[in-house]
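# Examining the three-dimensional arrangement
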Amino acid sequence: MSITEPPVSAAEALLTDGTTVLVRPVEAGDRAAVLELHEHGMSDTSRRMRFLGASRVAPQMVADRLCGPGRSGVLALGAWADGRLVGEADCEATAPGSGSAELAMAVADAWHHRGVGTLLVEHLVHAARKRGIREFVADTLAGNRSVHRVFSDLGLPVHRHLDHGEIRVRVPLDEDDEGYLRAVDERGRTADLASLAALLRPRTVAVVGASRRTGSVGRTILLKIRRGGFTGPLWAVNPHTGVIAGEPAYPGIAELPGVPDLAVLAVPPAAVPGAAEDCGRAGTKALVVLTSGLDAAQARRLMHSCRRHSMRLVGPNSLGIAQTDPQIRLDAEFGGAFPLPGTAGVAVQSGGVGIALLERLAWLGIGVSTFVSLGDKYDVSGNDLLQWWESDGRTDLALLHLESFGSPRAFARTARRVTRTLPVLTVDAGRSDAGRRGAASHTAAAATPTVTRETLFRQAGITAAHSVAELVEAAALLHTQPLPDGRGRVAVVSNAGGIGILAADACAEAGLQLPPLPADTVAELRDLLPAGAGTANPVDTTAAVGPAELRACLDALARADTVDALLVCLVPTALVQDDADQPLHALLHGPGRRHLPVAAVLLDQEVPVQYRTCADGGRLPSYADPAAAARALAHARDRARWLAEPPSAPAAPPAADTDRARRLIDAFLTTHPDGGWLDPETAADLLDCYRLPLTASIRARSEHEAVLAGRTLRPLGHEGRVAAKAYWPGQVHKSAEGAVRLGIGSDTDARECYRDFRARFGDRMAGLVVQPMAAPGLELLVGAVQDEVFGPLVLLGLGGTATDVLGDRTARLAPLTERDVETMPADLRAAPLILGRPGAPETDLAALRRVLAGVSALAWDQPQAVEVDLNPLIARPDGVVCVDARIRVEPRPSFDPYLRRLRRPALAGEASGP
Ligand code: ADP
Ligand code: MG
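Please read these numbers as outputs of a predicted model, since none were measured by experiment.

Another point: the overall build of the protein chain. The helix and strand tally for the protein chain stands at 27 helices and 39 strands. A total of 914 residues make up the protein chain; the buried ones form 55% of that total. Contacts in the protein chain between residues at least 24 apart in sequence constitute 70% of all its contacts with a sequence separation of at least 6. Element-wise, carbon and sulfur atoms account for 53% of the exposed surface of the protein chain, whose accessible area totals about 36,400 Å². Mean positive and mean negative side-chain charge positions of the protein chain (96 and 107 charges, respectively) differ by 3 Å.

Next up on the list: the site of ligand 1. Neighbouring ligand 1 are 18 residues, the closest being Lys 725, Lys 734, Ser 735, Ala 774 and Glu 779. Between a nitrogen atom of ligand 1 and a main-chain N or O atom of Ala 774, the distance comes to 2.8 Å. Bound to the protein, ligand 1 loses 87% of the 540 Å² it would expose on its own. Broken down by secondary-structure element, the contributors of at least two residues to the shell around ligand 1 are strand E31 (722-726), strand E32 (740-744), strand E33 (768-772) and strand E37 (865-876). For the shell around ligand 1, the residue count by class is nine nonpolar, five polar and four charged.

Relative to the assigned elements, Lys 725 resides in strand E31. The charged side chain of Lys 725 is buried without a salt bridge, its nearest counter-charge being Asp 884 at 5.1 Å. The contact partners of Lys 725, leaving out residues within four places of it in the chain, are Lys 734, Ala 739, Val 740, Phe 757, Gly 767, Leu 768, Val 769, Gln 771, Val 883 and Asp 884.

As enumerated under the stated definition, the model contains 50 salt bridges in all. Close ionic contact of Asp 747 with Arg 714 constitutes a salt bridge, the shortest N to O distance being 3.1 Å. A residue pair is termed long-range when its members are at least 10 positions apart, and Asp 747 in helix H23 (residues 747-761) and Arg 714 in the loop between helix H22 (703-713) and E31 qualify at 33 residues. Measuring nitrogen to oxygen at the nearest pair gives 3.0 Å for the salt bridge that ties Arg 741 to Glu 752. Residue Arg 741 is located in strand E32, and its partner Glu 752 is located in helix H23; the two are separated by eleven residues in the primary sequence. Three or more residues joined by partner-sharing salt bridges are found here, namely Glu 12, Asp 192, Arg 307, Arg 312, Asp 379 and Asp 384.

It is worth spelling out the coordination of the magnesium ion (ligand 2) at this point. Protein ligation of the magnesium ion (ligand 2) involves Asn 871 (O) and Asp 884 (OD), the donor distances falling in the range 2.1 to 2.2 Å. With a gap of 13 residues between them, Asn 871 in strand E37 and Asp 884 in the loop between strand E38 (879-882) and strand E39 (885-889) connect regions that are remote in the sequence. Look at Asn 871 and you get buried, because its relative accessible area is 6%. The class for Asp 884 is buried, based on a relative accessible area of 17%.

The biggest cluster of nonpolar side chains holds 54 residues, and the ones touching the most others in it are Trp 111 and Phe 136. The dominant element in this core, judged by the number of residues it contributes, is helix H4 (residues 116-130), at eight residues. Residues contacting Trp 111, with those up to four places away along its chain left out, are Leu 15, Thr 19, Val 21, Ala 81, Val 86 and Val 116. Formed by 52 residues, the second largest nonpolar core is a distinct cluster that contains Leu 196, Val 207, Val 372 and Ala 460.

Residue Pro 316 is reached from Gly 315 by a cis peptide bond, and omega for that bond is 0°. Tracing the sequence through the fold places Pro 316 in the loop between strand E15 (312-314) and strand E16 (320-323). Note the cis peptide between Asn 537 and Pro 538, where omega equals 0°. Residue Ser 310 is not a glycine yet carries a positive backbone phi of 55°. Along the chain, the position of Ser 310 falls in the loop between helix H9 (296-308) and E15. Given a relative accessible area of 8%, Ser 310 falls into the buried group. Located in the positive-phi region is Asn 317, a residue other than glycine, with phi close to 65°. Position of Asn 317 relative to the elements: it lies in the loop between E15 and E16.

Moving on, we come to H4. With 15 residues, H4 extends 22 Å between its outermost C-alpha atoms, agreeing within 8% with the 21 Å of an ideal straight helix rising 1.5 Å per residue. Of the residues one or two after H4, Gly 132 is the one with positive phi, at around 80°.

Right, let's talk about the sheet that holds strand E1 (residues 11-14) for a bit. Taking strand neighbours across the sheet as the criterion, the eight strands line up as E1-E2-E3-E4-E5-E6-E8-E7 in an open arrangement whose pairing is mixed. Edge strands, defined here as strands with exactly one partner in the open sheet, are E1 and strand E7 (159-163). Averaged over all adjacent pairs, the angle separating strand axes in this sheet is 25°, with direction ignored. When strand E4 (residues 84-93) meets strand E5 (residues 100-107), the two strands line up antiparallel, connected through seven bridges. Considered in E5, the bridge of Glu 88 is made with Ala 106. Sheet contacts for helix H1 (residues 31-39): strand E3 (74-81), E4 and E5; angle to E4, the most-contacted strand, approximately 100°. Together, E3, E4 and E5 form the strand contacts of helix H3 (residues 58-67), whose direction differs from that of E4 by roughly 70°.

Further remarks concern the confidence of the model for the protein chain. Per-residue pLDDT for the protein chain averages 88, and the proportion of residues at 70 or more is 91%. Here residues 1-7 is a poorly scored stretch, pLDDT under 50, and it has 16 contacts once near neighbours within four places are set aside; other chains count. Low pLDDT, under 50, characterises residues 431-440; the stretch is placed with 19 contacts to residues that sit more than four places away or in other chains.

The N-to-C vectors of H22 and H23 enclose an angle of 140°; their axes lie 8 Å apart at closest approach. The angle between H22 and H23 falls in the class oblique. In the crossing of H22 with H23, the sense of the turn from one axis to the other is right-handed. Side by side, H22 and H23 meet where Glu 703, Ala 706, Val 707 and Arg 711 of the first sit next to Asp 747, Ala 750, Arg 751, Tyr 754 and Arg 755 of the second. The class makeup of the residues in the contact of H22 with H23 is four nonpolar, no polar and five charged.

Turning next to the state of the cysteines. Under the defined criterion, the tally for this structure stands at zero disulfides. Cys 569 provides the cysteine sulfur closest to Cys 553, a residue in no disulfide bond, and the two sulfurs are 12 Å apart. No disulfide involves Cys 882; its sulfur sits 15 Å from the nearest other cysteine sulfur, which is in Cys 689. Residue Cys 882 is classed as buried on the basis of its relative accessible area, which comes to 1%.

Cut-offs applied
Residues numbered from 1 in each chain as written. Chains lettered and ligands numbered in written order. Predicted model: local features only at pLDDT ≥ 70, side-chain atom pairs only at ≥ 80, totals over all residues. Heavy atoms only, no water. Helix = DSSP H or I, 4+ residues; strand = E, 2+ residues; numbered from the N terminus. Buried < 20%, exposed > 50% of the residue type's maximum accessible area, 1.4 Å probe, protein only. Contact = heavy atoms within 4.5 Å. Areas by Shrake-Rupley, 256 points an atom, 1.4 Å probe, with all protein chains shown as cover. Lys, Arg positive; Asp, Glu negative; His and termini not counted. Charge placed at Lys NZ, Arg CZ, Asp CG, Glu CD. Near = heavy atom within 4 Å. Polar contact = N/O pair within 3.5 Å; in protein donor to acceptor, adjacent residues only side chain to side chain. Nonpolar A, V, L, I, M, F, W, Y, C, P; charged D, E, K, R; others polar. Salt bridge = Lys/Arg side-chain N within 4 Å of Asp/Glu carboxyl O. Donors = N, O, S within 2.8 Å, 3.2 Å for Na, K, Ca; no water. Core = buried A, V, L, I, M, F, W, Y, C linked by side-chain atoms within 4.5 Å. Expected span 1.5 Å × (residues − 1). Pairing = 2+ DSSP bridges. Axes fitted to C-alpha atoms, helices over the stretch in contact; angles between N-to-C directions. pLDDT = per-residue confidence, 0-100. Parallel < 35°, antiparallel > 145°, perpendicular 65-115°, else oblique. Left-handed = near helix turned anticlockwise from the far one by under 90°. Disulfide = S-S within 2.5 Å.

Okay, structure coming up:
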């Protein structure tokens with residue numbers, strides 16, 4: 001086992017029916033459980049299948065193999081439900097170092113067909129790969145259908161070879177096999193949806209802690225559920241009172257006339273764990289905990305009950321949930337009015353934001369399918385809701401307000417899929433910079449939370465607004481208007497020139513184009529409009545037009561093929577008035593006009609955004625502020641663009657030597673158990689594993705060696721010169737400390753440089769790094785960080801001294817796709833310097849892209865490389881070379897986003913881990 005990989009850790013995961021099991025290694029102390037599983041959990045037939053024939057002593061042998069003294073060579077995982085071993089899968093190398101391992105598994109008869117075997121094998125695949133195992137082999141009886149089912153369901157290629165009634169199965173464990181990942185994802189989704197049904201489509205509900213006191217949370221919820229018209233039985237539980245709001249209350253969960261699918265807990269913190277455990281015992285499958293202020297012990301007990309009894313949990317500190325489906329009608333939130341039934345899914349972390357959002361949506365007239373106030377998010381997260389909305393058949397717009405992501409990589413993956421079918425909007429709430437202290441490289445400093453979040457949202461196709469107001473404004477447009485063409489070319493029309501110019505500026509600011517209008521459109525407008533009108537884009541109709549001209553003008557613009565969207569700004573005038581007979585908005589869209597997105601700006605409007613009904617009965621959003629309209633159109637354009645992009649494959653990684661890289665890092669971590677910056681030689685070796693072009697360098701430890709190094713490298717250097725840098729472990733920015741000398745052209749200079757550095761840095765200096773001078777070029781920064789929240793992230797920016805001054809950079813989540821590698825350089829403001837412009841040739845783009853792909857592969861494969869900083873990477877038309885590379889490693893477990901497991905929440909009072 002490699003030292004940077006801790007032993008398999010325990011994880012809870014969902015079976016296909018939504019049951020939670022604990023997956024953990026089988027230990028020496030589990031002998032009795034293993035025996036019990038094989039002797040009593042399995043029928044004779046199952047045992048015969050498992051052991052290729054009946055053998056009385058077989059269970060003893062398995063128990064010896066998994067729990068006896070020889071168990072060190074065996075990798076065994078067990079699935080535990082409520083403390084009982086219900087399944088086991090193990091593997092053992094067929095021969096040391098062969099890369100092939102014999103796989104065996106057993107599942108208790110009562111637990112068949114629930115995905116226990118598949119889940120265990122998935123976890124075993126993960127653990128086995130980490131140990132260098134490249135294939136599983138298994139001998140099975142042809143009739144052992146359950147085992148064959150596990151193999152075929154896995155999603156990995158399976159090779160079968162029939163031999164005397166036994167089938168020899170071979171399963172190669174190639175990394176990152178797309179089919180496998182998809183299959184794992186799909187199983188995760190099925191299990192997740194099964195487990196969420198009790199929460200979001202409960203048939204029976206109990207409110208625990210409803211009290212007689214008017215205004216108490218429990219009582220309010222009870223009344224709201226009742227008034228909301230919940231379609232199933234509703235029970236109140238309160239040991240101290242017999243009647244609440246005219247309803248009989250039961251003294252305990254156990255006393256209820258039936259099992260509540262969902263229980264809403266509104267009891268004091270100390271009573272939460274007990275109530276949760278009672279619910280679990282009774283067979284409840286979902287909890288919404290409204291209580292806040294649980295201490296760490298209470299939180300742990302709550303989680304324990306949930307996992308033990310397979311209950312999904314919303315909260316604690318939740319405001320509740322609402323499900324408007326007429327078949328359910330559950331209003332279990334104490335925020336505001338029962339949301340209008342509709343098609344927007346809403347999930348918020350903070351209750352206050354939730355209320356604000358629901359109010360604004362209600363005001364606009366956007367109905368809600370499901371509302372969930374996630375609260376402290378111990379279990380159910382935004383990710384779960386996205387999956388639910390994707391397949392509930394009712395939701396066509398998702399609105400999220402999240403301060404953090406339970407599992408950002410999983411979130412990014414789910415969001416990427418869900419955003420293909422429905423718009424997902426979120427408020428980029430931003431995070432503080434605390435927690436990033438100590439980050440020393442440019443890359444780490446550049447990877448601010450904002451950069452990271454923007455990256456995540458953009459890559460996942462999520463529409464990220466900067467405020468709740470902007471979110472609602474964008475939602476208003478996306479909810480009713482078609483998407484524009486991805487080019488987002490807007491025609492602005494106004495009947496007051498000044499407003500048109502403001503709107504045009506707002507469009508430019510939002511990154512939208514105002515294309516010139518085709519000649520025939522201009523001619524048409526000239527005919528239509530009065531003499532002083534502006535017929536270029538923005539179109540100024542002047543105040544001297546009436547409704548008929550305005551409508552004709554909009555019709556003409558809608559016909560122009562350079563126009564993808566209309567932004568119409570109207571001020572009531574003597575000719576165009578906003579009255580009941582002739583409402584302004586009737587003009588905005590009419591029968592027969594090409595269906596393109598329209599945003600209106602009505603300057604006498606009092607609210608920021610509202611819907612207006614058009615002549616054809618459709619609704620379109622009208623804004624008080626042109627900037628809000630422009631931003632909403634820009635969001636729609638971004639979504640259209642994102643949808644138009646075909647999914648891109650991961651950038652072809654360089655022929656990387658992953659194993660050597662892992663060994664280098666392991667070796668460093670053996671001598672530096674707490675991690676640290678790699679010395680220049682190790683850093684160079686590691687970069688070499690990913691074919692990253694680092695300039696030659698020699699570390700000189702004396703004046704004499706400095707002279708020799710200079711002589712050796714001068715012929716390689718630009719104009720026959722070398723650069724020299726004082727080195728000491730842990731150094732940060734060398735030039736700032738005067739530790740870089742450039743353009744050394746003679747032995748004397750080399751000697752003098754060594755002497756000078758030695759005099760200035762004394763014993764701190766652990767040698768002089770001598771390099772050939774690189775020819776001048778564009779100095780770039782390419783780097784990677786392992787973000788605690790988002791995982792590995794690759795950055796490209798302007799480097800050298802410009803790094804921090806200009807802050808010109810772009811980032812993407814690793815692994816980079818072909819398109820990422822293609823588009824990153826163009827993202828920079830300095831793009832023309834890289835891509836070439838008249839008089840200045842482009843840099844070697846192919847080489848730059850290889851560097852991006854290489855750094856991405858390094859960051860993806862080696863999660864211990866927490867900061868990689870190539871700065872500068874000097875880019876020229878004839879190639880790219882890095883002259884300064886710094887890499888920091890830290891011992892940390894690798895994280896596999898494809899391993900199905902429930903999140904480990906950061907519980908109250910506990911420091912949140914990475
Ligand atoms: P630091 O980033 O720690 O200050 P660098 O090694 O990046 O130190 O050197 C600082 C600057 O010196 C670089 O940005 C680059 O402009 C220049 N430089 C460093 N090494 C070379 C080299 N081998 N060839 C050309 N220029 C170099
Ligand atoms: Mg540098």
